[in-house]
Amino acid sequence: MIEKISIFLIFAVLVGRTAHAYIDPGTGSMMIQIISAFLLTGIFTMKLWVKNVKHFFTKKPKDTINNEQQESSK
Amino acid sequence: MSSKKVLNSSFRDPSGFIFSENSVLYRQINNSYSNDYGLLMGSGLYKELVDKNLLISHKEVEISKALDTSLAYKVIQPDLVPFISYPYEWSFSMLKDAALATLEIQKTALKQGVILKDASAYNIQFINAKPILIDTLSFEKYEEGVPWVAYQQFCRHFLAPLSLMSFVNIEFGKLSKLYMDGIPLDLASKILPLSTRLNPGILMHVHLHAQSQTKHANDASKQEKNLEINRGVSKVGMLSIIDSLQSTIEKLAWKLPNTEWGDYYSITNYTDDAMQKKENQVEELILASKAKSVWDMGANSGRFSRLASKHGISTVAFDIDPVAVELNYLSCKKNKEENLLPLIQDLTNPSGDIGFANSERDSLLNRGLVDTVLALALIHHLAISNNLPFDKIARFFAACGEYLIIEFVPKSDSQVKILLASRKDIFDNYTFEGFEKAFGEIYDIEQKKPIQNSDRILYLMKRKNNNVDFEN
């Protein structure tokens, strides 16, 4: 019973969404996005992680200098 | 009696529409769009996109200007686009840059919890050779979980034609003339070579996408499926799809072949000095016509078009050869040029009125009138190669604009000799006298200058009649 009510509520909320989407998204296009997102998220997350790591390593020498300055001023 | 008129192509989106009144363009924003408009403006997204030159700027005007006050929330006046052009007139890199701009806008919007609700190539126009979104109402609130409703439209309008132009033939850019809402993915998938299935992006967004569309085409029972679909794509999933589309398109390239026109300026008759003199003469005539807008017909890579655009004159450079237009556009980009728009156009079959009731996308002539038409090194291609009589050519140019700067290329010229080399010379009327007589019916000849080191003559002409359309 609770399951049925919660499915109804979720559905009721979702029906109100994308109210301004006047073009037909196409069921097939929506489905393929779910599959693509599933396959691509891993690679994309890796890309971001690699970018962050690179950024971390190019920042490091500056941080070290800052630390030394702080040490010497104490 | 109101002189307000809704634009013929502005009817699909219930959020609002474009209308004109006394030659001024306005956009009515309807009540249904009030929240999303508030989000666009209030989140800082509008400012960010305008600052990056990705979205057309606008100013808000009095609501009394609305065409339909019962629906109206606001009325805005967007900046004007100097010349409206369509994706089937763009060169390869123009379509590619328009695609990448759309994705950049999408990424920027998502950071503010906003998403594009459409991704039509017709929403992009070129100003100063840069792609810019002109549909301010394309944005809506992003709901995480819901897949991108405009994904199919993006693939049809941008990815399909670009991949066809890149992997099959550049001429496929013209295919979008036949399909008002972009190229069908199953058609693109069939035409693309099998090797494109090894390209992960093309495989996913064209081939498998097409198959998925076919598979679900007749899905009637959607209720349960909707639940799953609207939870199916997380925000990071969405960003990964956008990222994939972006890198797929960035990698698409078109290797410029050697067409008969690509190497044009190195195989013509002129010495450097003579070319410089011709340029000076043409520039003088452009300024004499006091043009504020110029169409350069058969512009090749825009050498003479720039004699107008460098003076701040709004110039469109038309050429039939996609290579020439591409080179022109790449040069505009590299040198950050202004006032110049390169476009592909076949003057013997220019863009027509297409779309619903043949009135959604305008023909070339319906996007006139221009102040001055430039027709250099062109007349022999129209009159001899295309068998067009002088009077028809004159009336066509007169229907385009008021002034005409035209170069007559006589039979003694080597370029004409090439055209007549393999065919019977039936062109008895193709002489200076014949040309001046025929054009003299439609135009007043104001100036006439011989071109150094050649038998050619440059003319400045002004149209006699002010109400000219081609049929008159």
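All values reported here derive from a predicted model rather than from experimental measurement.

Draft legend 1. Just the overall build of chain B, in detail. Summing up its helical and strand segments, chain B has 15 helices and 16 strands in all. For chain B, whose C-alpha radius of gyration is 25 Å, the value lies close to the compact-globule estimate of 23 Å for 472 residues. Considered along the principal axes of its C-alpha atoms, chain B spans approximately 75 × 60 × 40 Å. Here chain B holds 472 residues, and the buried ones make up 54% of them. Sequence separation of at least 24 residues holds for 70% of the intrachain contacts in chain B that already meet a minimum separation of 6. When the accessible surface of chain B is split by element, carbon and sulfur atoms take 50% of a total near 20,600 Å².

Draft legend 2. Examining the overall build of chain A more closely. Helices and strands together make up the secondary structure of chain A, namely two helices and zero strands. With 74 residues in all, chain A has 22% of them scored as buried. For chain A, the accessible surface area stands at approximately 5,900 Å², while carbon and sulfur atoms represent 68% of it.

Draft legend 3. Structural detail: the confidence of the model for chain B. The pLDDT averaged across chain B works out to 94; a share of 95% of its residues lies at or above 70. Across the predicted assembly, pTM comes out at 0.92 and ipTM at 0.90.

Draft legend 4. A look at the sheet that holds strand 5 (residues 72–78) of chain B. Residue and element names in this part refer to chain B. Sheet architecture is open: five strands sit in the order 1-2-3-5-4, paired in antiparallel fashion. Looking at the sheet topology across the chains shown, the edges are occupied by strand 1 (5–6) and strand 4 (58–61). Where strand 3 (residues 24–30) lies against strand 5, four bridges are found, and the strand directions are antiparallel. Residue pairing in the sheet places Arg27 in a bridge with Ile76 of strand 5. Together, strand 3, strand 4 and strand 5 form the strand contacts of helix 1 (residues 34–42), whose direction differs from that of strand 5 by roughly 45 degrees.

Draft legend 5. Fine view of the sheet that holds strand 14 (residues 401–408) of chain B. All names here are of chain B. Taken in spatial order, the seven strands line up as 12-11-10-13-14-16-15 in an open sheet, and their pairing is mixed. The open sheet has two edge strands with one neighbour each: strand 12 (340–344) and strand 15 (443–450). Ignoring strand direction, the axes of neighbouring strands in this sheet form an average angle of 20 degrees. With five bridges connecting them, strand 11 (residues 314–319) and strand 12 associate as parallel partners. Within strand 12, the residue paired with Val316 across the bridge is Leu341. Packing against the sheet, helix 13 (residues 390–400) makes contact with strand 10 (293–297), strand 13 (370–375), strand 14, strand 15 and strand 16 (457–463), and its axis sits at approximately 140 degrees to strand 14.

Draft legend 6. Highlighting the packing of helix 6 (residues 200–215) of chain B against helix 8 (residues 235–251) of chain B. Residues and elements named next belong to chain B. Viewed as axis vectors pointing N to C, helix 6 and helix 8 meet at an angle of 115 degrees, and their least axial separation amounts to 9 Å. For the pair helix 6 and helix 8, the crossing hand works out as left-handed. Along its contact with helix 6, which presents Gly201, Ile202 and His205, the element helix 8 presents Ile241, Ser244, Leu245 and Thr248.

Draft legend 7. Local environment of unusual backbone geometry. Residue and element names in this part refer to chain B. A cis amide bond, omega 0 degrees, links Gly368 with the succeeding residue Leu369. Here Leu369 shows up in the loop between strand 12 and strand 13. At Asn339, a residue that is not glycine, the phi angle is positive and equals roughly 70 degrees. Along the chain, Asn339 turns up in the loop between helix 11 (322–334) and strand 12.

Draft legend 8. Main features of the nonpolar core. Residues and elements named next belong to chain B. The biggest cluster of nonpolar side chains holds 114 residues, and the ones touching the most others in it are Phe139, Trp148, Phe397 and Phe439. Take this core: its biggest share by element is 11 residues, from helix 3 (residues 92–110). Residues within four places of Phe397 in sequence aside, it is in contact with Met297, Val373, Ala375, Leu378, Leu382, Leu404, Ile406, Phe439 and Tyr443. Core analysis: the second largest hydrophobic core is formed by 17 residues, Met275, Leu285, Ala308 and Ile313 among them.

Draft legend 9. Highlighting the interface of chain B and chain A. Every contact between the two is made by 45 residues of chain B and, on the other side, 27 residues of chain A. Carbon and sulfur atoms supply 70% of the area buried between chain B and chain A, which totals about 3,300 Å² over both sides. Remark: the boundary between chain B and chain A carries one salt bridge. For B:Asp243, the salt bridge identified is with A:Lys47, shortest N-O distance 2.7 Å. Elements with a contribution of two residues or more to the side of chain B that touches chain A: helix 4 (151–167), helix 6, helix 7 (223–229) and helix 8 of chain B. The element that contributes the greatest number of residues to the side of chain B that touches chain A is helix 8 of chain B, accounting for eight residues. Tallied by class, residues from the side of chain B that touches chain A come to 15 nonpolar, 16 polar and 14 charged.

Draft legend 10. Here's a closer look at the packing of aromatic side chains. The tally for this structure, following the rule as stated, stands at 25 aromatic pairs over all chains. Note on A:Phe56 and A:Phe57: the rings are 5.6 Å apart at their centroids and 75 degrees apart in plane angle, and the pair reads as edge-to-face. The exposure class assigned to A:Phe57 is exposed, which follows from its relative accessible area of 55%. One aromatic cluster is present, built from ring pairs that chain together B:Phe390, B:Phe408, B:Tyr430, B:Phe432, B:Phe435, B:Phe439, B:Tyr443 and B:Tyr459. The side chain of B:Arg361 reaches across the aromatic face of B:Tyr122, ending 3.9 Å from its centre.

Draft legend 11. Expanded view of the environment of B:Leu162. All names here are of chain B. With respect to the secondary-structure elements, Leu162 resides in helix 4. The class of Leu162 is buried, set by a relative accessible area of 0%. Leu162 has contacts with Phe92, Leu95, Lys96, Ala99, Ile249 and Leu252, leaving out every residue within four places of it along the chain.

Draft legend 12. Examining the packing of helix 3 of chain B against helix 11 of chain B more closely. Residues and elements named next belong to chain B. One can describe the packing of helix 3 onto helix 11 by two numbers: an axis separation of 8 Å at closest approach and a directional angle of 50 degrees. With respect to each other, helix 3 and helix 11 are oriented oblique. On helix 11, the residues touching Phe92, Ser93, Met94 and Asp97 of helix 3 are Glu326, Tyr329, Leu330 and Lys333. Tallied by class, the residues present in the contact of helix 3 with helix 11 amount to four nonpolar, one polar and three charged.

Criteria and thresholds
- Residues numbered from 1 in each chain as written.
- Chains lettered and ligands numbered in written order.
- Predicted model: local features only at pLDDT ≥ 70, side-chain atom pairs only at ≥ 80, totals over all residues.
- Heavy atoms only, no water.
- Helix = DSSP H or I, 4+ residues; strand = E, 2+ residues; numbered from the N terminus.
- Rg over C-alpha atoms; globule rule 2.2 N^0.38 Å.
- Buried < 20%, exposed > 50% of the residue type's maximum accessible area, 1.4 Å probe, protein only.
- Contact = heavy atoms within 4.5 Å.
- Areas by Shrake-Rupley, 256 points an atom, 1.4 Å probe, with all protein chains shown as cover.
- pLDDT = per-residue confidence, 0-100.
- Pairing = 2+ DSSP bridges.
- Axes fitted to C-alpha atoms, helices over the stretch in contact; angles between N-to-C directions.
- Left-handed = near helix turned anticlockwise from the far one by under 90°.
- Core = buried A, V, L, I, M, F, W, Y, C linked by side-chain atoms within 4.5 Å.
- Buried area = accessible area lost by both parts, 1.4 Å probe.
- Salt bridge = Lys/Arg side-chain N within 4 Å of Asp/Glu carboxyl O.
- Nonpolar A, V, L, I, M, F, W, Y, C, P; charged D, E, K, R; others polar.
- Phe/Tyr/Trp six-rings, centres within 6.5 Å; stacked < 30°, edge-to-face > 60°.
- Lys NZ or Arg CZ within 6 Å of the ring centre and 35° of its normal.
- Parallel < 35°, antiparallel > 145°, perpendicular 65-115°, else oblique.

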